[in-house]
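A look at the structure
As a plain string of letters, each chain reads:
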Amino acid sequence: MDLKKLLPILFLFLSFNFYAQNENFKDKKEQIRTMKVAFFTTELDLTSSEAEKFWPLYNTFDDKQFELRHQKMKSYFKRMQGDNLDKLSEKDATALLDQIQDNEDDLYNLRKKFILNLKEILPPIKILKLKKAEENFNRKLLQQYRDKGSKK
């Protein structure tokens, strides 16, 4: 499996782990958002004009992406827990698979629309830097999670 597909899955599991630890999920999400803003600000070197337009657009995108990845996928994973998967009929399994694929299509379309909107406010090189910064941030976050887990 290539890294582009692995990172969102790992981030999803990371988010579920935050839930499982009974920590305040909203606080964790806000902490991650704050870290992301600092990281992206450094990596993208946005002008004040670009930043003024970029952050509302990015935050809206990020919230919608979060909803698609976490809220909807959470319900799918619940249905696949334990032996629930073995109890699904072929019809129900097909319907669940279709829902998951629809969710993946929605994520793809959301990202596509986001990039089109970004092209109106950022030069292409900064959009590419954003993509790289997102991947680097996710790697950094995952490494922090691993480091925290190994200290327990």
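Structure's up top.
Observations concerning the overall build of the protein
Check the secondary structure of the protein and you find six helices and zero strands. Each helix and strand of the protein, placed in order from N terminus to C terminus, yields the pattern α-α-α-α-α-α. Looking at the protein as a whole, 30% of its 152 residues are labelled buried. Sequence-distant contacts, at least 24 apart, represent 73% of the contacts inside the protein between residues at least 6 apart. Of the accessible surface of the protein, which amounts to about 10200 Å², a share of 54% is contributed by carbon and sulfur atoms.

Some words on the packing of helix H2 (residues 25-44) against helix H3 (residues 48-79)
In the contact formed by H2 and H3, the axes pass within 13 Å of each other and the chain directions differ by 140 degrees. In terms of axis orientation, H2 runs oblique to H3. Seen from above, H2 lies across H3 with right-handed handedness. Residue-level inspection shows Phe25, Lys29, Arg33, Lys36, Val37, Phe40, Thr41 and Leu44 of H2 in contact with H3, the latter providing Phe54, Trp55, Tyr58, Asn59, Asp62, Asp63 and Phe66.

Regarding the pattern of salt bridges
Overall, the coordinates contain seven salt bridges when judged by the stated rule. The partner of Asp63 in a salt bridge is Lys29, with the nearest N and O atoms 4.0 Å apart. Taken together, the residues Asp63 in helix H3 and Lys29 in helix H2 connect sequence positions 34 residues apart. Asp63 sits in the partly exposed class, given a relative accessible area of 35%. Of the charged contacts, one joins Lys126 and Glu50 as a salt bridge, the two residues approaching to 2.6 Å between their closest N and O atoms. Residue Lys126 is located in helix H6 (residues 124-150), and its partner Glu50 is located in helix H3; the two are separated by 76 residues in the primary sequence. Taking the relative accessible area as the measure of exposure, Glu50 reaches 12% and is therefore buried. A cluster of three or more residues bridged by salt bridges with shared partners is formed by Lys29, Arg33, Lys36, Asp62 and Asp63.

Points about H6
Given a rise of 1.5 Å per residue, 27 residues ought to cover 39 Å, and the 39 Å separating the end C-alpha atoms of H6 matches this to within 8%. Taken residue by residue, H6 has Lys126, Ile127, Leu130, Ala133, Glu134, Phe137, Leu141 and Leu142 as its buried positions.

Observations concerning the packing of aromatic side chains
For the structure on display, the rule yields eleven aromatic pairs. Ring geometry for Phe61 versus Phe114: centroids 4.0 Å apart, planes at 10 degrees, classification stacked. Of this pair, Phe61 sits in helix H3 while Phe114 is found in helix H5 (residues 90-119), placing the two residues 53 residues apart along the sequence. Assigned by exposure class, Phe61 and Phe114 land together as buried. An aromatic cluster is built from Phe39, Phe40, Phe54, Trp55, Tyr58, Phe61, Phe114 and Phe137, whose rings are joined through pairwise contacts.

Here we look at the environment of Ser89
Relative to the helices and strands, Ser89 is located in the loop between helix H4 (84-87) and H5. Residue class for Ser89 comes out partly exposed when judged on its relative accessible area of 33%. Looking at Ser89, its side chain comes within polar contact range of the main-chain nitrogen of Asp92, at 3.0 Å.

Analysis parameters
- One numbering rule holds for all chains: residues counted from 1, following each sequence as written.
- Only residues with pLDDT of at least 70 get local features here, since the model is predicted, and only at 80 or more are side-chain atom pairs given and counted; chain-wide, interface and lining totals rely on the full set of residues.
- Remark: hydrogens and water are excluded; side-chain values derive from all non-hydrogen atoms of the structure.
- Think of it this way: any DSSP run of H or I at least four residues long counts as a helix, any run of E at least two long counts as a strand, and we number them from the N terminus.
- For each residue, the accessible area found with a 1.4 Å probe, counting protein chains only, is set against the maximum for its type, and the residue is called buried under 20%, exposed over 50%, and partly exposed in between.
- It only takes one pair of heavy atoms within 4.5 Å for two residues to be counted as in contact.
- Using a 1.4 Å probe, accessible areas were evaluated by the Shrake-Rupley method; residue-level cover was limited to the displayed protein chains.
- Axes here mean lines fitted to C-alpha atoms, for a helix over just the part in contact, with angles spanning 0 to 180 degrees between N-to-C directions.
- Should an angle lie under 35 degrees it is considered roughly parallel, over 145 roughly antiparallel, and from 65 to 115 roughly perpendicular; all remaining angles are considered oblique.
- The crossing is said to be left-handed when, going from far helix to near helix, the turn is anticlockwise and less than a right angle, and right-handed when the turn is clockwise.
- A pair is scored as a salt bridge if a Lys or Arg side-chain nitrogen falls within 4 Å of a carboxyl oxygen belonging to Asp or Glu.
- Take the number of residues in a helix, subtract one, and multiply by 1.5 Å to get its expected span.
- Pairing of aromatic rings covers Phe, Tyr and the six-membered ring of Trp, with a centre-to-centre limit of 6.5 Å; geometry is then stacked below 30 degrees between planes, edge-to-face above 60, and tilted otherwise.
- We call two N or O atoms a polar contact when they sit within 3.5 Å, provided that within protein one can donate a hydrogen and the other can accept it, with sequence-adjacent residues counted only if both atoms are side-chain atoms.

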